[in-house]
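Notes for the structure review
Here's the letter readout for the chains.
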Amino acid sequence: MTAASRPAPPVLPPHVVAFRWARANLFSSPGNSVLTVVTVVMLSFAAFQAARFVFATAEWEIIEANRGLFFTGPFPRDEFWRIWVLLHGTAALSGLSWRLWGSLDLRRPLAFAAACVPLYIFMLEGDALILTSTCIATFAAAYFAAWPVRFSRFRDRARSTTVWLWILGFMAAMLPTALYPSFLPGQGGLFSHVPDREWGGFFLTMVLATVGIAVSFPLGVLLAIGRASTFPVIRIFCVAYIEMIRAVPLVTILYMSFFILRLAIRHETSVLGIPITGYEMSVVFMAMLGLILFSAAYIAEIVRGGLQAVPRGQVEAGQALGLGGLQVLTLIVLPQALRAVIPALVSQFISLFKDTSLVFILALTDLLAVARIAPAQPGFIGHHAEALLFIALIYWVVAFSMSRASQQLERNLGVGER
Amino acid sequence: MTLKRSVAILPLLLVALAVIVFAACGDDDDGDATDSPTPGDGTAAPTDTDAPSGSHSQILQDVIDRGSLNCGVNNAVPGFGNLLPDGSFAGFDIDYCKAVAAAVLGDSEAVDYTPLSASARLTAVQTGQVDVLIRNTTWTTGRDADSGLTFATTTFYDGQGMMVRAADGFTSVDDLAAATICSLEGTTTELNLTDRLPDAELVTYDSNDTLQTAFIEERCDGWTSDKSQLAGRRSEFPADSGGPEALVVLGETFSKEPLGPVTIDNDAQWSDIVNWVVIGTIAAEELGVTSSNVAAMAADPPSVSVARLLGVGFGGEAVTDTGLDVDVTFMQDVIAQVGNYGEIYETNVTPIGIVRAGTLNALWTDGGMIYSPPFK
């Protein structure tokens, strides 16, 4: 029977369509009808309770009053300009990257941004509102500056330049902020010294997560390659490292890095006979170390899965072309292996981002710790639900953005298409 | 080959074993004022830094060289140690950090606060990470002797109490013999309650926040914790659950929790300084010296006791050096910049609803335990 011989279906009014759809999908049998009714009642009740809490019961002043704590913890207020400089740099590079790699369909991100506007006005005032606006303007300026490049012959060069800018910018930001105060005693010439225990909130969470991801990823790749090595010493070391770390909970590793090194290094100590007074082991550095060591073992196993998925023929083809071992690895095996494991890698990165909240056991004031500190302030005692909901929203926004970015990366690399 | 491999793996196995052993030592009951004396706290051996005993204090010298005091604190106990929205610290314990800084450096703001978790705090003192720990720490034998620490004069006498709903009509702890009681898990609170009410059903929670939710939902009849905690919770009990009037803290106290500053054992001079700063604030209250009248009293001391406290001469008598290695006028700085004991209590503890009158924290002249040895 061909389509032409069939009579055109009658155009039904929308309520009839809806009715038929409901009968077919929701009320197809007595059992399903009961299930539908019960589910609808339960969902409405939950939605009603949630809405009642958010709009009536909750007292959101705790968030408004503690904005500074949620974003930067006890960071000295006079030194906020450092964070703003960092944010503007990140905004510029993000705008550039979005144009160079991002999806061309802007409807969804713009709708999301529009939905955030009320939150942004509610959350900020004064200088913070102005500076956040200039951040967004910087993002837009960088985006439009890179507008013509996406489809020009300069695209690849612009992309590699942007990657280098990210790397250099990251190091420029991290070396003085993260490492400097931890390793050198005394005051820092040009800028005053911000002890790392005064870092906190979302800022600290992001520092831990970005450093953790940026360092543990290459480390994990090296471990995976080492595990596949033909040199027994390297292989045994890598296997032992991976299996030992994976067998221990992250909390234990954080405790270890804190207590054991603490006991080893007193407030007055000497290295190679040179006395170091005022030496102080940085807690943030310990936490980073713990997170990196832990995450690298997991990344190594993910990457190993990718390495094993690359057919043997690829290596042999590379060797037949006269490539050396390193070239086969970096030009043929690794690109395919990493592309294959992007989803698992991003899961591990998201998991690392959320695991940073465990540093509260080292008494660091990360985002979760602020949500425990704020409801203890006289005047806000007991308003923990508001604080936790707020940070849950922040965690979700970041984790969701990471997940979307990875999907875009997969599309750009054509995963599953070739 | 196999032999070589197994030899290579051996040290790694040892490291793994060490990891497991240390993991077993670090248990964290984190959080609230009820910090149980954890056996793990004592595992860290006292350090043998080369501070000479006697008149010269190494820690004092370090603090002066550094120009700031490293103080270990809590940042989430209402009224005692809070991190405020503007990033500053405030509270009863924080004010004692400020008092020590004012005495030693003449500047109550010259303090670097280090928030510490319950399990990390004693190690922090032992390793010299902090000069003094003022973080609602209960004075116990184990901590004083085994952990190599010294406790200064108690600044706050806390104790375990019981809070019930006013509508339930309980008037004493014995009324709750067969009731359901909520408490924080892993704390001495839990043990004390089992001793006091063996037949009561105990429900434990990991934080006061979840505990409060359970209490509002009437999943338990009594809420047991340190009285200072209960009072703080009561004063800010949500209005839609009846507000503070819906709750009663029963009079009975069934544990001792004397809280005070902690220093390391091997620097007696430093411990003396911290101790006498605490005593000085109490003496100031006894003598009626406050932050507003301290300047006038120093210029014209009304009695020889006041003159000795403030380090000034009286009636032509020469100023006697206290031998504490700090400026003889150190209490002037403390009182002017921080206040006397009563003022510190008023500023921090009264606002969270802990009444002072009639408790152990009243002055000894008012029937309490706050008592100053003679300052001379």
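What you see is a predicted model; the values in this text were computed from it and never measured.

1. A word on the overall build of chain A
For chain A, the count of helices and strands is 17 helices and 3 strands. The buried share of chain A, reckoned over its 418 residues, is 38%. Counting only carbon and sulfur atoms, one obtains 71% of the accessible surface of chain A, whose full area is about 22900 Å².

2. Details of the overall build of chain B
A tally of regular secondary structure across chain B gives 13 helices and 15 strands. Evaluated residue by residue, chain B yields a buried proportion of 53% over its 376 residues. Once local pairs closer than 6 in sequence are excluded, the contacts in chain B between residues at least 24 apart make up 68%.

3. Focus: the sheet that holds strand 2 (residues 76-77) of chain B
All names here are of chain B. Taken in spatial order, the 3 strands line up as 2-3-4 in an open sheet, and their pairing is antiparallel. Both edges of this open sheet fall to strand 2 and strand 4 (89-90), since each of them pairs with a single strand only. For strand 2 and strand 3 (residues 81-83), the ladder comprises 2 bridges, and the chain directions are antiparallel. Bridged to Ala76 within strand 3 is Asn82.

4. Notes on the pairing of strand 1 (residues 69-73) of chain B
Residue and element names in this part refer to chain B. Burial analysis of strand 1 places 5 of its 5 residues in the buried class, which makes it a mostly covered element. Burial along strand 1 is two-sided: Leu69, Cys71 and Val73 facing one way and Asn70 and Gly72 facing the other are all buried. Pairing between strand 1 and strand 6 (residues 132-133): 2 bridges, direction parallel. Across the sheet, residue Gly72 finds its bridge partner in strand 6, namely Leu133.

5. Let's talk about the pattern of salt bridges
All names here are of chain A. Applying the stated criterion across every chain yields a total of 14 salt bridges over all chains. Here Glu301 ties to Arg304 by a salt bridge, and the two come within 2.9 Å at their closest N and O atoms. Of this pair, Glu301 and Arg304 both sit in helix 12 (residues 283-309), 3 residues apart, roughly one helical turn. Here Arg304 falls in the partly exposed class, since its relative accessible area comes to 26%. The network of salt bridges with common partners includes Arg227, Glu243, Arg246, Glu301 and Arg304.

6. Some thoughts on the side chain of Asn82 of chain B
Among the structural elements, Asn82 of chain B can be located in strand 3. Its relative accessible area of 2% is what places Asn82 of chain B among the buried residues. A polar contact of 3.0 Å, which involves the side chain of Asn82 of chain B, links it to the backbone nitrogen of Gly79 of chain B. With residues up to four places along the chain from it excluded, the contact list for Asn82 of chain B reads Ala376, Gln377 and Pro378 of chain A together with Asn74, Asn75, Ala76, Val77, Ser88, Phe89 and Ala90 of chain B.

7. Some thoughts on the pairing of strand 10 (residues 180-184) of chain B
Residues and elements named next belong to chain B. Most of strand 10 sits inside the fold, with 5 of its 5 residues counted as buried. On strand 10, burial covers both faces: Thr180, Cys182 and Leu184 on one face and Ile181 and Ser183 on the other are all buried. Examined bridge by bridge, strand 10 and strand 11 (residues 201-205) share 5 bridges and lie parallel to one another. The partner of Leu184 across the bridge, within strand 11, is Tyr205. With 2 bridges joining them, strand 10 and strand 12 (residues 222-226) adopt parallel strand pairing. The residue bridging Cys182 from the neighbouring strand is Trp223, located in strand 12.

8. Structural notes on the nonpolar core
A general tendency of soluble globular proteins is for nonpolar side chains to be buried together. Of all hydrophobic cores here, the largest spans 92 residues; its most connected members are Phe70 of chain A together with Cys71, Phe92, Trp270, Val289, Leu309 and Leu310 of chain B. Of all the elements, helix 3 (residues 92-105) of chain B adds the most residues to this core, at 10 residues. In contact with Leu310 of chain B, not counting residues within four places along its chain, are Val289, Val294, Met297, Ala298, Val328, Thr329, Met331, Gln332 and Ile335 of chain B. Formed by 53 residues, the second largest nonpolar core is a distinct cluster that contains Leu204, Val310, Val333 and Leu334 of chain A.

9. Describing helix 7 (residues 208-216) of chain B
Burial in helix 7 of chain B covers these residues: Asn208, Asp209, Leu211, Gln212, Ala214 and Phe215 of chain B. Backbone geometry just after helix 7 of chain B places Glu218 of chain B at a positive phi near 60°.

10. Some details on the environment of Phe27 of chain A
Relative to the assigned elements, Phe27 of chain A resides in the loop between helix 1 (14-25) and helix 2 (30-57). Ignoring sequence-local partners within four residues, the contact set of Phe27 of chain A consists of Ala22, Ser33, Thr36 and Val37 of chain A.

11. Points about the packing of helix 3 of chain B against helix 9 (residues 268-286) of chain B
Residue and element names in this part refer to chain B. The contact between helix 3 and helix 9 brings their axes to 10 Å, and the two run at 110°. Judged on the interaxial angle alone, helix 9 and helix 3 are roughly perpendicular. For the crossing formed where helix 3 meets helix 9, the hand is right-handed. Residues Tyr96, Ala99, Val100, Ala103 and Val104 of helix 3 pack against Trp270, Ile273, Val274, Val277, Val278 and Thr281 of helix 9. Class assignment for the residues of the contact of helix 3 with helix 9 results in 10 nonpolar, 1 polar and no charged.

12. Overview of the sheet that holds strand 13 (residues 247-249) of chain B
Residues and elements named next belong to chain B. Reading across the sheet, the 5 strands line up as 11-10-12-9-13 and stay open at both edges, with mixed pairing between neighbours. In this open sheet, the two strands that pair with only one neighbour each are strand 11 and strand 13. Pairwise comparison of adjacent strand axes, ignoring direction, gives a mean angle of 30° for this sheet. Both strand 9 (residues 160-165) and strand 13 contribute to a ladder of 3 bridges, which runs antiparallel.

13. Let's talk about unusual backbone geometry
Residues and elements named next belong to chain B. Backbone geometry places Glu218, a non-glycine residue, at a positive phi of 60°. Mapped onto the fold, Glu218 is located in the loop between helix 7 and strand 12. Glu218 gets classed as exposed once you look at its relative accessible area, which sits at 56%. Positive phi, close to 70°, is recorded for Asp325, a residue that is not glycine. Of note, Asp325 is situated in the loop between helix 11 (304-310) and helix 12 (330-337). For Asp325, a relative accessible area of 42% translates into the label partly exposed.

14. Remarks on a negative patch on the surface
There is a patch of like negative charges on the surface, built from Glu59, Glu61 and Glu64 of chain A together with Asp240 of chain B. By the element assignment, Asp240 of chain B lies in the loop between helix 8 (227-235) and strand 13.

15. Let's talk about helix 12 of chain B
Residue and element names in this part refer to chain B. Residues Phe330, Met331, Val334 and Ile335 constitute the buried set of helix 12. Down the axis, helix 12 shows its buried residues gathered within 120° of arc, on one side only. In this fold, the buried residues of helix 12 make contact with helix 3, helix 9, helix 10 (294-299) and helix 11.

16. Description of the environment of Tyr205 of chain B
Along the chain, Tyr205 of chain B falls in strand 11. Residues Tyr205 of chain B and Ser183 of chain B, 22 residues apart in the sequence, show an inter-C-alpha distance of 6.3 Å.

17. Let's talk about the confidence of the model for chain A
Residues and elements named next belong to chain A. Summary statistics for chain A give a mean pLDDT of 84 and a share of 88% for residues scoring 70 or more. Scored below 50 in pLDDT, residues 178-190 shows 20 contacts in the model against residues more than four places distant or in partner chains. Throughout residues 274-279 the model reports pLDDT below 50, and contacts reaching past four residues in sequence, or to other chains, amount to 15 contacts.

18. A look at the packing of aromatic side chains
Residue and element names in this part refer to chain B. Under the counting rule described, the total for this entry stands at 28 aromatic pairs over all chains. Between Phe156 and Tyr345, the ring centres sit 6.2 Å apart and the planes meet at 15°, which makes this aromatic pair stacked. Linking Phe156 in strand 8 (residues 156-158) with Tyr345 in helix 13 (residues 341-348), this pair joins segments that are 189 residues apart in sequence. Residue classification places Tyr345 among the buried positions, given a relative accessible area of 0%. Taken together, the aromatic side chains of Phe80, Phe92, Tyr96, Phe156, Tyr341 and Tyr345 make up a single cluster linked through ring pairs. Positioned above the aromatic ring of Phe215 is the side chain of Arg165, whose terminal nitrogen or guanidinium carbon lies 4.7 Å from the ring centre.

Reading the values: the criteria
- Residues numbered from 1 in each chain as written.
- Chains lettered and ligands numbered in written order.
- Predicted model: local features only at pLDDT ≥ 70, side-chain atom pairs only at ≥ 80, totals over all residues.
- Heavy atoms only, no water.
- Helix = DSSP H or I, 4+ residues; strand = E, 2+ residues; numbered from the N terminus.
- Buried < 20%, exposed > 50% of the residue type's maximum accessible area, 1.4 Å probe, protein only.
- Areas by Shrake-Rupley, 256 points an atom, 1.4 Å probe, with all protein chains shown as cover.
- Contact = heavy atoms within 4.5 Å.
- Pairing = 2+ DSSP bridges.
- Salt bridge = Lys/Arg side-chain N within 4 Å of Asp/Glu carboxyl O.
- Polar contact = N/O pair within 3.5 Å; in protein donor to acceptor, adjacent residues only side chain to side chain.
- Core = buried A, V, L, I, M, F, W, Y, C linked by side-chain atoms within 4.5 Å.
- Axes fitted to C-alpha atoms, helices over the stretch in contact; angles between N-to-C directions.
- Parallel < 35°, antiparallel > 145°, perpendicular 65-115°, else oblique.
- Left-handed = near helix turned anticlockwise from the far one by under 90°.
- Nonpolar A, V, L, I, M, F, W, Y, C, P; charged D, E, K, R; others polar.
- Patch = residues over 30% accessible without salt bridge, like charges linked within 9 Å, V, L, I, M, F, W, Y side chains within 5 Å.
- Lys, Arg positive; Asp, Glu negative; His and termini not counted.
- Charge placed at Lys NZ, Arg CZ, Asp CG, Glu CD.
- Arc of directions from axis to C-beta.
- pLDDT = per-residue confidence, 0-100.
- Phe/Tyr/Trp six-rings, centres within 6.5 Å; stacked < 30°, edge-to-face > 60°.
- Lys NZ or Arg CZ within 6 Å of the ring centre and 35° of its normal.

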